[in-house]
Amino acid sequence: MDEHANERQPTATRALVGFPRLTVNPAVMGGKVCVRGMRVTVGMILGNLGEGVAIDEFLAAYPYLERDDVLEALRYGSWLAQEREIHVASAAG
């Protein structure tokens, strides 16, 4: 057992400010921005849509996602393209 295990800070899932459906957690998907704490990255959503997959087709393949998740991923991608700094909500507790 790792002798420093108890010294580590717990990793927490945090919502992105301005994007409440999007979360980031260093322990999930390598810290990439995900949808609602799931292992679905914004990049995966945008990649599928960019390849021509329709939103309804995408949602049929991922029934646990909602249309608003996809729309928020699109909005986030657009926001990133504007080269703004990303702020993360502070951890609760």
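Rules behind the numbers
- Residues numbered from 1 in each chain as written.
- Predicted model: local features only at pLDDT ≥ 70, side-chain atom pairs only at ≥ 80, totals over all residues.
- Heavy atoms only, no water.
- Helix = DSSP H or I, 4+ residues; strand = E, 2+ residues; numbered from the N terminus.
- Buried < 20%, exposed > 50% of the residue type's maximum accessible area, 1.4 Å probe, protein only.
- Contact = heavy atoms within 4.5 Å.
- Areas by Shrake-Rupley, 256 points an atom, 1.4 Å probe, with all protein chains shown as cover.
- Pairing = 2+ DSSP bridges.

With reference to specific residues and values, describe the overall build of the chain.
Counting its regular elements, the chain contains three helices and three strands. Listing every helix and strand of the chain by position from the N terminus yields β-β-β-α-α-α. For the chain, with 93 residues in total, the buried portion stands at 27%. Taking all contacts inside the chain whose residues are at least 6 apart in sequence as the whole, residues at least 24 apart take part in 40%. Accessible surface computed for the chain: about 6,200 Å², of which carbon and sulfur atoms make up 52%.

Lay out the pairing of strand E2 (residues 19-24) in plain terms, naming residues and giving numbers.
For a regular strand, the rule is simple: side chains alternate between the two faces of the sheet. With three bridges joining them, strand E1 (residues 14-16) and E2 adopt antiparallel strand pairing. Along E2, the bridge assignment pairs Arg14 with Val24. Two strands pair when backbone bridges link them, and E2 and strand E3 (residues 34-35) are joined in this way by two bridges, in the antiparallel orientation. When the bridges of E3 are listed, Leu22 appears paired with Val35.

These figures come from the coordinates and say nothing about function on their own.
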